[in-house]
Each structure stands twice: as structure tokens, then as C-alpha cells.
2 protein chains.
Amino acid sequence: MEFLKPYVTQIETALQQFELPDNPKNLYDPLHYFLQLGGKRTRPVLALLACELFNSEYQKALPAAMSVELFHNFTLIHDDIMDEAPLRRGMATVHEKWNSNIAILSGDVLFVEAYKQLMQYEANVLKELMNVFSQTAIEVCEGQQMDMDFESSDNVTISAYIEMIRLKTSVLLGAALKMGAIVGGAGQSDADHLYQFGENIGIAFQLQDDYLDLYADPDKFGKQVGGDILSNKKTFLWLTAVSCCNNEQIERFEVMKNTTDKEDKISLAKALFNELDIPLLTKKEMDKFYIKAMEALRNVSIPSENKQVLEELAKYLIIRDK
Amino acid sequence: MEFLKPYVTQIETALQQFELPDNPKNLYDPLHYFLQLGGKRTRPVLALLACELFNSEYQKALPAAMSVELFHNFTLIHDDIMDEAPLRRGMATVHEKWNSNIAILSGDVLFVEAYKQLMQYEANVLKELMNVFSQTAIEVCEGQQMDMDFESSDNVTISAYIEMIRLKTSVLLGAALKMGAIVGGAGQSDADHLYQFGENIGIAFQLQDDYLDLYADPDKFGKQVGGDILSNKKTFLWLTAVSCCNNEQIERFEVMKNTTDKEDKISLAKALFNELDIPLLTKKEMDKFYIKAMEALRNVSIPSENKQVLEELAKYLIIRDK
């Protein structure tokens, strides 16, 4: 999105200017490496946009935005160890390029750096930001644990799944907005409504991610289509399908689950999911959270024309049929 | 030490009253488990004692003390993964009892809880505490990285080793005292002198730990005597010996290094170290830091009779010949 570019540039500049010691090299080299791998920088941009709703000097929110981005990168470094992921943004993960111990420790130090960013605010603002940030950090850890627990569980409910994605990914979008709003001088109620906007857009976005895994245009989709299916991942599509199956369909579901040929497996899943109307059900669920997000945004007490930037961003993030 | 008991009891009570959610169980059960494994609680007690030097209501320092203790336990959980330690205080470590992923994540969440404790202070005090705490947290990570790097390095200098133990263990003693002092209302200079007291006592204590590994009375020593020697660990004794050896002694050092029989190896090391006067050199080095600590304590601007408690504690921690 063209209008986001100046904000993204500010974040990239702040990341380049972000100073870390040189030694111990095995502690800091991984951080220099990981932070320049790039990314959409969605979270820190949200912090800047939220600040600007209340204060034209949105650069004031840069330390808060950096805090959120550094925290996000810390979680990626640790999550990559847990998921045994070899690649991140097409490049070797920290535990692959160095080792797990170095990934644990450099992650830890990045987490402190995220907190340290907040020290640039005066004491009362710092305390308000710390409150949101610490609560969010705990929730993100809880979401990651739920995600790991779900791998070995056969009793994952759809509501538990939604709660997991809310904690693992959405609360940090909410927190980014809320922290930006606090720096901008927003009142409690406006800051909370922006949090809810981010939280609900985050859930809709994650559901869309589940949907696109199977239904994306392979030419436009960056990843392998059907990756979640191939790893039997309990996504929203999967769990909804399980909950809708009749006895005959459950048998076909089991056959699909145990199919090893990749193309066959994806075809079987797609046929079954289509029959069960999973695409429509997923879009309806996405819509539910999209609408909640828009309601929350409407409740922010600023002129509606100023909200257009966040409305546009939501429309850009979430593809809707109607 | 009898007079410390009431302080230790307060810490134990605070730890028992410290509430964590029940779920996700795999995130919080390890923390409930680990925090009740016990320990001397030296760091949080130092925070309470430092506060009491300036303010009779030393309980005000309980959240700061808890913060330091929770942080210390977070580092132990992560260090145990890195060191592949099966036991901690005679019980299974978190990554052994659960797994490494759970140990990483429950450690992360404990780190946030350590920060959250500081939220109980009013904004200006919070900011001062955050400053000390974050800086210390980074230094502890740096120390742990240096320690890991030293394992595979043949060029560890004695001064780098001292810097490593300063960062890995001593700065947290200093921080505990400084944070307690800040809560008690101490001025900057007094808080800094107490930090230096803790930092130097910490180095002396760690050097003593190196000494006792080989020279402790086996009946009184909790661990296997000579454990460091058996794992060819580059302690102060080892590095000092290497730096003092003549050519003939270097050869015997190499023989000792490659000896596999445990008793033989320890005997060879002891003979060589005694010949090189390593016990005396170690005690001299300990003394140097002990004296620095006492100088720092003398510089704290409170009546000298009030400092007796910290003097006693230092004497209790560090055994001196004279």
C-alpha cells in the first residue's frame, strides 16, 4: 500500500540506527542478522498510525513501535527453535545458522532490548506502556504454548483454536495500536477501542491465512498451497470440517489424513472441504471478526475521516467477497 | 545465618503467595515446580537488607526482591537447557521433566513476570528500577554467552574470566542491593556504592567457589570435589595455573588434562596447583575483591553500625584466613 511507505521507511531507518554492542559476537551477531531479514513491519506501522490519530508528531511513537517490532522478532527467534524451522523469510533461522543455545540467549537479550525502548518515555507513560506490553507478552507466550499443545491433542475445539490465534498473533496487533495511541495522548476508552480493532482484524487475518493455505491462487501465494493439510495441521478449516462431518465423511476424512501422496491428499481434502462448505463457513467467520473490528474503530472518538487510513489498511489486509 | 531467617521467610511467603494462572498447564506447571525447588534466596534478601538501611519498612522492597528472584530463576531454567543439566537442587530440571520447548517458553513467561513485579511501584521509582534491572538482565546474558564461548576457546585470559563471572553472577547481586536501596529512598551515590559492594562480593564468592571445587573438605562440600577439574573447566585456578607454568610444568599440565582416571587426574592437578601456589594466589585475588567490597560499603553514607548486617553477611559468604 503506497500510503504506508513513509511509515515503513521510518521503521526501517530506526532499525538501522538501532545500536547493539559488538561483543560477545555470538550474542549480538544473530540479532544484527535477524533484524535485517526484513518483514512487512505491520505491527510497528500500526503503532505509528495509531499515534497519528491523536498527535501529528507520530514519530513520538517510534520507540513504542520499535519495542513491539523487537519483541515480535524475539518471539520469532524462539518460535523457530520450537518449530525446528530451518528458514525464515527464505534465510537460515538463528538456531540453524548458529545453534539453539545461541538462539535462546540472543532471543532473551532482544526481549530486554524491547523493554529498554520504552525507557525513552517519561515515567507515567512508561508505566502505562509497560502494563500493555507485559500483559501482551504473557498472552503471546500462552498462545504459543496452546499452539504446541494442540499438535498432540485430539480434542481441539474451534473456540479454543480462535483463542489460540487471538493470543498468539492478534493481541500484539492490538497492543501495537494501543501503545501508539497512549503515546499520542489518547484517552483510555479510545486506546481500548483501537486495541479491539487490532485484535479482531488479527483474528480475521489469521483465519484468512488458514483459508489461503488451501484456496490461494498458487501463482500469487508465496508458500506451497496445501502446506497445512500436508502436515495435518488443525487449522480453522480442518477443525470446522471435523465438526461438520457425517459418519461417511468422517471415514473419508480419516483416509485423507493417512494419505501420503501429496497431490492426492490435497485433492481429497479440497473435495471434502468444498462438499462441507468450509470456504463459505471460513469467510463467514472472518467476516464476523472484520465487522467487530470495524465496530470498535467506529467507537474511537475522532472524526471519521481520520479513521480512513485504518479502514483502508483493514480492507487491504482482509479480502472480502462483498 | 540466624539473623537472616526472618528475611528469607518473607521471601518464601511472597513466593508462595505469588499467583500464576493454571492454564496452559504446560506453561505454568513448570514454574510452580521450579519456584518451589528452594534455594538460599540470597539475592532477594540482599534487596530487603539494602532497603532497610534507608527505610525501616523494608517490606516495601518485596516486589523488587521478587523481581530479582524470578529473574534469577528464569536464567536458571534457560541456562539448564544450554548446559544440558539434568538436575537442579537434586531435582529434575524443567527441560528434563518436560522438554526444551516448554523450558524455553516457561522461562520467557517468567521473565515477563519478573518485570511485572516492578509495576507495583509508582511511576518514577518504576523507571529507576527498570533502568538497573534491564541493564543487569543484558549483562547476565552477556556473561552466559562468554561462559559458553570459553568452553571452546583456548585463549581465555584471567581478566576475561573475571569479567565473565562479574557479568554472569555478580552484577545481579549488585542490582539486588541497588534496587532495594532505590525503593528505600537512598540517593544515587549510596545506591551505587551498594551496587559495587554486591558486585565485588559476588566476584570474591565466585572465586571461592572455584577454590572450593578442589580444596573443600569433602565431608562439608555438597558437590563432588574436583568436578571442575574432571570437566577440564577453565576456572580461575586452571587459568592461573596455565599462566604460571614453566615448560616442564606445561607438559605435566597436558598429561593431567588428558588423564581419564578420576582420582589420578585430581591428584595430578592438586600436586601441580600446590606447587604453583594456586591456593594462595586464589585467596589473594578473592581478598582483593573482598577489600574492594568493604571499601564500597564504607562509602555508603549511613551510620557504620547499620552496615554491620552487610559486613556480617560478607564475612559469612567469604571465608578468609586472616
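Not measured: the values here are computed from a predicted model. (Residues numbered from 1 in each chain as written. Chains lettered and ligands numbered in written order. Predicted model: local features only at pLDDT ≥ 70, side-chain atom pairs only at ≥ 80, totals over all residues. Heavy atoms only, no water.)

S.K.: An account of the overall build of chain A is requested, with residue identities and associated values reported.
M.R.: When helices and strands are counted, chain A shows 15 helices and 2 strands. Over its C-alpha atoms chain A spans a radius of gyration of 21 Å, differing by no more than 12% from the 20 Å that the globule rule assigns to 322 residues. For chain A, the spread of C-alpha atoms along the three principal axes comes to 65 × 50 × 35 Å. Here chain A holds 322 residues, and 58% of them are scored as buried. Sequence-distant contacts in chain A: of pairs separated by 6 or more residues, those separated by 24 or more amount to 72%. Of the accessible surface of chain A, which amounts to about 14,000 Å², a share of 48% is contributed by carbon and sulfur atoms. (Helix = DSSP H or I, 4+ residues; strand = E, 2+ residues; numbered from the N terminus. Rg over C-alpha atoms; globule rule 2.2 N^0.38 Å. Buried < 20%, exposed > 50% of the residue type's maximum accessible area, 1.4 Å probe, protein only. Contact = heavy atoms within 4.5 Å. Areas by Shrake-Rupley, 256 points an atom, 1.4 Å probe, with all protein chains shown as cover.)

S.K.: Talk me through the environment of Glu311(A); I want residue IDs and the actual numbers.
M.R.: All names here are of chain A. Among the structural elements, Glu311 can be located in helix H15 (residues 308-317). In this structure, the C-alpha to C-alpha distance between Glu311 and Ser106, residues 205 residues apart in sequence, is 37 Å. Aside from chain neighbours lying at most four places away, what touches Glu311 is Met294 and Leu297.

S.K.: How would you summarise the packing of aromatic side chains if you had to cite specific residues and measurements?
M.R.: Tallied over the entire structure, the rule returns 24 aromatic pairs over all chains. Aromatic side chains Phe71(B) and Phe111(B) sit 5.6 Å apart centroid to centroid with 55° between the ring planes, which places their arrangement in the tilted category. One end of the pair, Phe71(B), is in helix H4 (residues 62-82); the other, Phe111(B), is in helix H6 (residues 100-118), and 40 residues separate them in sequence. With a relative accessible area of 1%, Phe71(B) lands in the buried category. Residue classification places Phe111(B) among the buried positions, given a relative accessible area of 0%. Feature note: the residues Phe71(A), Phe74(A), Phe111(A), Tyr115(A), Phe133(A), Phe71(B), Phe74(B), Phe111(B), Tyr115(B) and Phe133(B) constitute an aromatic cluster, connected by ring pairs. Here Lys178(A) stacks its cationic end above the ring of Tyr195(A), 5.9 Å away from the centre of that ring. Positioned above the aromatic ring of Trp98(B), the side-chain terminus of Lys97(B) is 5.7 Å from the ring centre. (Phe/Tyr/Trp six-rings, centres within 6.5 Å; stacked < 30°, edge-to-face > 60°. Lys NZ or Arg CZ within 6 Å of the ring centre and 35° of its normal.)

S.K.: Quick rundown of the interface of chain A and chain B? Include the residues and the values.
M.R.: Counting residues at the interface gives 41 residues for chain A, matched by 41 residues for chain B. Of the roughly 3,600 Å² buried between chain A and chain B on both sides combined, carbon and sulfur atoms contribute 73%. Counting the surface chain A buries against chain B, the share from its top three residues, Leu105(A), Met119(A) and Lys127(A), is 16%. For the side of chain A that touches chain B, the elements supplying multiple residues, two or more each, are helix H2 (25-35), helix H4 (62-82), helix H6 (100-118) and helix H7 (123-151) of chain A. It is H7(A) that provides the largest number of residues to the side of chain A that touches chain B, a total of 17 residues. Split into classes, the residues belonging to the side of chain A that touches chain B amount to 24 nonpolar, 10 polar and 7 charged. (Buried area = accessible area lost by both parts, 1.4 Å probe. Nonpolar A, V, L, I, M, F, W, Y, C, P; charged D, E, K, R; others polar.)

S.K.: Tell me about the side chain of Asp228(A), and please be specific about residues and values.
M.R.: Residues and elements named next belong to chain A. Mapped onto the elements, Asp228 comes out in helix H10 (residues 227-230). There is no salt bridge for the buried Asp228, and the closest opposite charge comes from Lys233, which lies 4.6 Å off by N-O distance. Leave out the neighbours within four places in its chain, and Asp228 touches Asp210, Asp213, Lys233 and Thr235. (Lys, Arg positive; Asp, Glu negative; His and termini not counted. Salt bridge = Lys/Arg side-chain N within 4 Å of Asp/Glu carboxyl O.)

S.K.: Go over the relation of the copies chain A and chain B, please, and point to the residues and values.
M.R.: Turning chain A through 180° and shifting it by 0.0 Å along the axis lays it on chain B, with an RMSD of 0.0 Å. Taken together, the turn and the small shift mark the pair as related by a two-fold rotation axis. When C-alpha distances to the rotation axis are compared across chain A, the minimum falls at Ala123(A), with a value of 2.5 Å. Residue by residue, 100% of the interface of chain A is reproduced at the interface of chain B, so both copies engage with the same surface. (Least-squares fit on C-alpha atoms with pLDDT ≥ 70 in both.)

S.K.: I'd like a description of the confidence of the model for chain A, backed by residues and values.
M.R.: Residues with a pLDDT of 70 or more make up 99% of chain A, whose mean pLDDT is 96. Model confidence for the complex is summarised by a pTM of 0.96, with the ipTM given as 0.96. (pLDDT = per-residue confidence, 0-100.)

S.K.: Can you break down H15(A) residue by residue, with the values?
M.R.: All names here are of chain A. Turning to H15, its buried residues are Leu310, Leu313, Ala314 and Leu317. Summarising the axial view, the buried residues of H15 lie within an arc of 100°, below the 170-degree limit, and thus occupy one face. Structurally, H15 contributes buried residues whose contacts are with helix H3 (42-54), helix H8 (158-184), helix H9 (188-215) and helix H14 (278-298). (Arc of directions from axis to C-beta.)

S.K.: Provide a residue-level description of the nonpolar core, including the pertinent values.
M.R.: Core analysis: the biggest nonpolar cluster contains 238 residues, and Phe197(A), Phe273(A), Leu310(A), Phe197(B), Phe273(B) and Leu310(B) have the highest contact counts within it. Setting aside residues up to four positions removed in sequence, Leu310(A) forms contacts with Leu46(A), Leu49(A), Leu53(A), Leu177(A), Leu194(A), Phe197(A) and Leu297(A). (Core = buried A, V, L, I, M, F, W, Y, C linked by side-chain atoms within 4.5 Å.)

S.K.: Could you give an account of the pattern of salt bridges, with specific residues and numbers?
M.R.: Taken as a whole, this structure holds 28 salt bridges over all chains when the rule is applied. Taking the shortest distance from any N to any O, the salt bridge between Lys25(A) and Asp29(A) comes out at 3.3 Å. With Lys25(A) and Asp29(A) both in helix H2, this residue pair falls 4 residues apart, about one helical turn. Using a relative accessible area of 48% as the deciding quantity, one classes Lys25(A) as partly exposed. Here Glu254(B) makes a salt bridge to Lys257(B), at a shortest N to O gap of 3.8 Å. Within this pair, Glu254(B) and its partner Lys257(B) are both found in helix H12 (residues 247-258), separated by 3 residues, close to a single helical turn. On the basis of relative accessible area, Lys257(B) is assigned to the partly exposed category, the value being 29%. Three or more residues joined by partner-sharing salt bridges are found here, namely Glu12(A), Arg41(A) and Glu69(A).

S.K.: Give a detailed account of a positive patch on the surface, specifying residues and quantitative values.
M.R.: All names here are of chain A. On the surface, Lys40, Arg89, Lys223 and Lys233 cluster together into a patch of positive charge. Tracing the backbone shows Lys223 in the loop between H9 and H10. For Lys223, a relative accessible area of 52% gives the class exposed. (Patch = residues over 30% accessible without salt bridge, like charges linked within 9 Å, V, L, I, M, F, W, Y side chains within 5 Å. Charge placed at Lys NZ, Arg CZ, Asp CG, Glu CD.)

S.K.: Can you lay out unusual backbone geometry for me, pointing to particular residues and giving the numbers?
M.R.: Residue and element names in this part refer to chain A. With omega at -5°, the peptide bond leading from Asn23 into Pro24 counts as cis. Here Pro24 lies in the loop between helix H1 (5-17) and H2. A positive phi angle, close to 60°, is found at Arg41, a residue other than glycine. Summarising the element assignment, Arg41 is placed in the loop between H2 and H3. For Arg89, which is not glycine, the phi dihedral falls at a positive 50°. By secondary structure assignment, the location of Arg89 is in the loop between strand E1 (87-88) and strand E2 (91-92). Under the relative-accessibility criterion, Arg89 is labelled partly exposed at 36%.

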